[in-house]
Amino acid sequence: MTVEEKIKLLSGGDAWHTQEIESVDIPNITLTDGPHGVRLEDKEAGEFFQSKPATSFPIEAAMAASWNQDLIEEMGQKMGEECQYYDVGVLLGPGVNGKRSPLAGRNFEYFSEDPYLSGKIGASFVKGVQSEGVGTSVKHYVANEQETNRMVVSSEVDERTLREIYLLPFEMIVKEANPWTMMCAYNKVNGTHMSQNKKYLVDVLKDEWGYEGLIMSDWGAVSDKVASIKAGLDLEMPGPGKEDEKALQAFEAGELTIEEINARVKVVLELVEKVLTEQKDVDECDFEQNHKVARKVAEESMVLLKNEADILPLAEDSDLAVLGKFAQEPRFQGGGSSQLNPYNLETPLAEIKKHGTVDYAPGYEDEEINEDLIAEACEIAQDKDKVIIFAGTTEKIECEGYDRKDISIPESHIQLIKEVAKVNQNIVVVTNSGAAIDIEEFEAQARGIVHAWLPGQAGGSALANILFAKTNPSGKLSETFPIAYEHNPTHLSFPGDIKQVEYKEEVFVGYRYYDAKKLDVKYPFGFGLSYTEFEYSNLELSKRKLKNGEGLVVSADIKNTGDYAGQEVVQLYVKDHEAVVRRPEKELKGFTKVHLEPGESKRINIKLDERDFSFYSEKLGEFAVESGQFDIMLGSSSRDIRAVETMEFDSNDDLREPLTVNHSIEKLLEDERTGAEIKAILDEIDIDQDNNFYSILLGMPLTVATGILRSFNFSEEKIEQLAEILENTDEEL
Ligand code: GLC
């Protein structure tokens, strides 16, 4: 290939393909969205971006709420099948960005506020898709937690927060699932565009984590082609390249070397070859089977938030009112690049009708209150056994490209619930949203609340199965539902300004913050009710004391003590009793989902390794464990801890801050590196240690204290010995 052709190859050929180079028989491959199913442009459709029919799976937030890694891997495998059917080589997903604010417009398209849950579910997703010989693109690398100014804003984040919260899901997926591609984010991180941020594209991703796949840009994220090639970005999307001429000039001027160009070309060619090698000649796809998998994911993701007086499950052949337009025109997917053309879209109304006598009324048209529609709904509701009302966010409120203004649902939905409650108390509210919403506004009027997320094309039958107990709900919230948005730590800094957004809450994101502030929340991270109950007992640790490089197994008995078969998500949280840095009250470090028949008991085992006790030490520039005690907690939610055991970690990592002559004598006395020596010298100085002059002296830095002692004519020899302690130290204390 000529240099021109090589540079051409480093950009797409168009919106959804890599560049073909005919002179050397390099074909292109197809890359397309998205994380909730295949969104392949249907050129014959005649509509702007109508896509080919494909299975619409539940949104990522729902996938995470299933806490079921095997199921999400199976779902990924089905997505991979549909990619092969449509000759798609790389599926552009999953998105694994964080959820620092409930207002972020694409929270529906990301897994969780907790990076460990995001990493585990994301790895399952990637393994599933790639098991079918189709690539994935883990996005948006990194710190893209808002839509506002997303293409220009700089996310200002400290290194520890990046490592422990925002980079962690990417690191876990790279190491556990080896994604074929990664997608860099639009935004800057600490002032440098991610498309040309060598520190995170090369130093961290490729050198430290050993990533060998391709890094592409988000669509339009390259602002300087030469800088992006030099910083390790392999492929600019979409194509054709905007600055190929500039890149050629830079090469001719010696600012861009052939080695740099060849290094990127090699990665692009490896991806093209991998896709072509793995491509299967598939001319059929079992969309019906995939629909069943979509239903199972939806069923396992729905969260039973409230079930007062066991209003749920509903009896078959109940006389029901079903209210709310979402029952007829389902809110099943999020808006933007993940949107697709569902192969078989059910409606909740039609599915509920299969189980009982149902009268329906829309109750609202849009976000505005409509008195006539509410009156019609009340008329229908008043004589019914029970009333099911659909409420939640609309696409106008929650979508890619913009952030929400608050966490409220439309006034028209709230008013409908309040007015119907005046004529019938037996209300079950089904909420559709991709992120936390304000439940306070209608909770009192609802005896039952089922959060259905945006459940994909099979959400109707999944919901009906939950409402009528064909399936026992087992979903657990993948993000906290706060009592009020103002309780969230980002409400004073989100979304920043055109220049930057500061991640001032540091690692205290989601439940990590609400725990630290001891704030009540509406529904905690990891919360979800069941039609049955589970008992935890016999928590055991395989070891009570760990050293570096060692791990342990956490075991416990989980018993179904109720009348329904069901699944329990056992969550494992770790608490560090004491550290040189501020650490969250608890952090999720393991989970397992266990199916139990009524009365059945199973023993679960969860492994922990050194990393699960670590935090990122900016001093050491790596994750490290501090010696001391840790609590191992098992819970049914982050706020429903059922069992705790304490253990000890004896670490070689020296995380103590370096001591200097500016530290107070008191600090030097406390520290094992200097305490004994300092004490011996002070004891030899003729000074009344009960006198408060002595305690004042202890609060002084060594440099000042020696001067004070001289001015009061204390022993020069002893003063010299004190001063020498730190000056002679050969290691940096
Ligand atoms: C969009 C999104 C990204 C998507 C890409 C292609 O801007 O940020 O997630 O994969 O462009 O549609």
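Residues numbered from 1 in each chain as written. Predicted model: local features only at pLDDT ≥ 70, side-chain atom pairs only at ≥ 80, totals over all residues. Heavy atoms only, no water.

Student: Got a sec to walk through empty space enclosed by the protein? Specific residues and values, please.
Tutor: Taken as a whole, this structure holds 4 cavities of 30 Å³ or more when the rule is applied. In this model, the largest cavity occupies a volume close to 90 Å³. As for the largest cavity, its lining consists of 16 residues, and the residues nearest its centre are Pro348, Asn432, Pro455, Gly459 and Gly460. Among the elements of the structure, strand 15 (427–432) and helix 15 (459–467) are those that each provide at least two residues to the lining of the largest cavity. Ranked by residue count, the leading element in the lining of the largest cavity is helix 15, at 3 residues. In terms of residue class, the lining of the largest cavity is made up of 10 nonpolar, 4 polar and 2 charged. Roughly 60 Å³ of volume is contained in the second largest cavity. Every residue along the wall of the second largest cavity is listed here: Lys99, Ser101, Pro102, Asn107, Glu113, Glu479, Thr480, Pro482, Asn488, Gly510 and Tyr514. Per-class residue counts for the lining of the second largest cavity are 3 nonpolar, 5 polar and 3 charged. (1 Å grid on protein atoms, 1.4 Å probe; cavity = no way out; pocket = protein on both sides within 12 Å on 5 of 7 lines; lining within 4 Å. Points joined across faces, edges and corners; volume = space filled by probe spheres on them. Helix = DSSP H or I, 4+ residues; strand = E, 2+ residues; numbered from the N terminus. Nonpolar A, V, L, I, M, F, W, Y, C, P; charged D, E, K, R; others polar.)

Student: Can you lay out the sheet that holds strand 26 (residues 628–637) for me, pointing to particular residues and giving the numbers?
Tutor: Read from one edge of the open sheet, 5 strands run 19-27-26-21-22, paired in mixed fashion. Since the sheet does not close on itself, it has two edges, and those belong to strand 19 (545–547) and strand 22 (587–596), each with one partner. Each adjacent strand pair in this sheet contributes to an overall mean axis angle of 30°, direction not counted. Bridge count for strand 26 against strand 27 (residues 640–650) is 9 bridges, and the pairing is antiparallel. Note on strand 27: the bridge partner recorded for Gln629 is Glu648. (Pairing = 2+ DSSP bridges. Axes fitted to C-alpha atoms, helices over the stretch in contact; angles between N-to-C directions.)

Student: Quick one: what's the story with helix 10 (residues 258–278), residue by residue and with numbers?
Tutor: Taking 1.5 Å per residue as the helical rise, helix 10 with its 21 residues ought to reach 30 Å, and the 30 Å between its terminal C-alpha atoms agrees with that figure. Among all positions of helix 10, only Ile261, Arg264, Val265, Val267, Val268, Leu271, Val272 and Val275 are buried. The buried residues of helix 10 occupy an angular sector of 155° when projected down its axis, which confines them to one face. Exposed residues pointing more than 90 degrees away from the buried face of helix 10 are listed as Glu259, Lys266, Glu273 and Thr277. (Expected span 1.5 Å × (residues − 1). Buried < 20%, exposed > 50% of the residue type's maximum accessible area, 1.4 Å probe, protein only. Arc of directions from axis to C-beta.)

Student: Account for the site of the ligand, with residues named and values stated.
Tutor: Close to the ligand lie 13 residues, the nearest being Asp33, Arg106, His140, Tyr186 and Asp218. Within the side chain of Lys139, an N or O atom sits 2.9 Å from an oxygen atom of the ligand. In the complex, 93% of the free accessible area of the ligand, which totals 310 Å², lies under the protein chains. Classifying every residue of the shell around the ligand by side-chain character gives 5 nonpolar, 2 polar and 6 charged. (Near = heavy atom within 4 Å. Polar contact = N/O pair within 3.5 Å; in protein donor to acceptor, adjacent residues only side chain to side chain. Areas by Shrake-Rupley, 256 points an atom, 1.4 Å probe, with all protein chains shown as cover.)

Student: Which residues make up the packing of aromatic side chains, and what values do they have?
Tutor: The geometry of an aromatic ring pair comes down to the distance between the two centres and the angle between the two planes. As enumerated under the stated definition, the model contains 20 aromatic pairs in all. Pairwise contacts between aromatic rings join Trp67, Tyr116, Tyr511, Phe525, Tyr573 and Phe591 into one cluster. For the cation-ring pair, Arg100 lies above Tyr503, with the distance from its terminal atom to the ring centre recorded as 4.1 Å. Geometry around Phe623 places Arg611 over its ring, the cationic atom sitting 3.5 Å from the centre. (Phe/Tyr/Trp six-rings, centres within 6.5 Å; stacked < 30°, edge-to-face > 60°. Lys NZ or Arg CZ within 6 Å of the ring centre and 35° of its normal.)

Student: Go over unusual backbone geometry, please, and point to the residues and values.
Tutor: Residue Leu312 is joined to Pro313 through a cis peptide bond whose omega torsion reads 0°. Among the secondary structure elements, Pro313 is positioned in the loop between strand 10 (303–307) and strand 11 (319–323). Geometrically, the link from Phe494 to Pro495 is a cis peptide bond, its omega value of -5° lying close to zero. Position of Pro495 relative to the elements: it lies in the loop between helix 15 and strand 17 (500–502). Positioned with a positive phi, Asp87 is a non-glycine residue whose angle comes to about 55°. Among the structural elements, Asp87 can be located in the loop between helix 3 (69–85) and strand 3 (90–91).

Student: An account of the confidence of the model for the protein chain is requested, with residue identities and associated values reported.
Tutor: Put simply, the protein chain has an average pLDDT of 96, and 99% of its residues get 70 or more. The least confident element of the protein chain is helix 21 (residues 716–727), whose mean pLDDT is 84; the most confident is helix 4 (residues 115–130), at 99. (pLDDT = per-residue confidence, 0-100.)

Student: Give a description of the pattern of salt bridges that names residues and reports values.
Tutor: Taken as a whole and assessed by the stated rule, the structure comprises 69 salt bridges. Where Asp319 meets Lys384, a salt bridge forms, and the shortest distance between an N and an O atom there is 3.0 Å. Placement of Asp319 in strand 11 and of Lys384 in the loop between helix 13 (371–381) and strand 14 (386–392) is noted, with a sequence separation of 65 residues between them. On the basis of relative accessible area, Lys384 is assigned to the buried category, the value being 12%. Where Arg512 meets Glu587, a salt bridge forms, and the shortest distance between an N and an O atom there is 3.4 Å. Taken together, the residues span a long stretch of sequence, with Arg512 in helix 16 (residues 511–516) and Glu587 in strand 22 at a distance of 75 residues. Glu587 matches Arg512 in its accessibility class, with the two residues each being buried. Beyond isolated ion pairs, a larger network of salt bridges with shared partners links Asp33, Arg39, Arg106, Glu109, Lys139, Glu147, Arg150 and Glu400. (Salt bridge = Lys/Arg side-chain N within 4 Å of Asp/Glu carboxyl O.)

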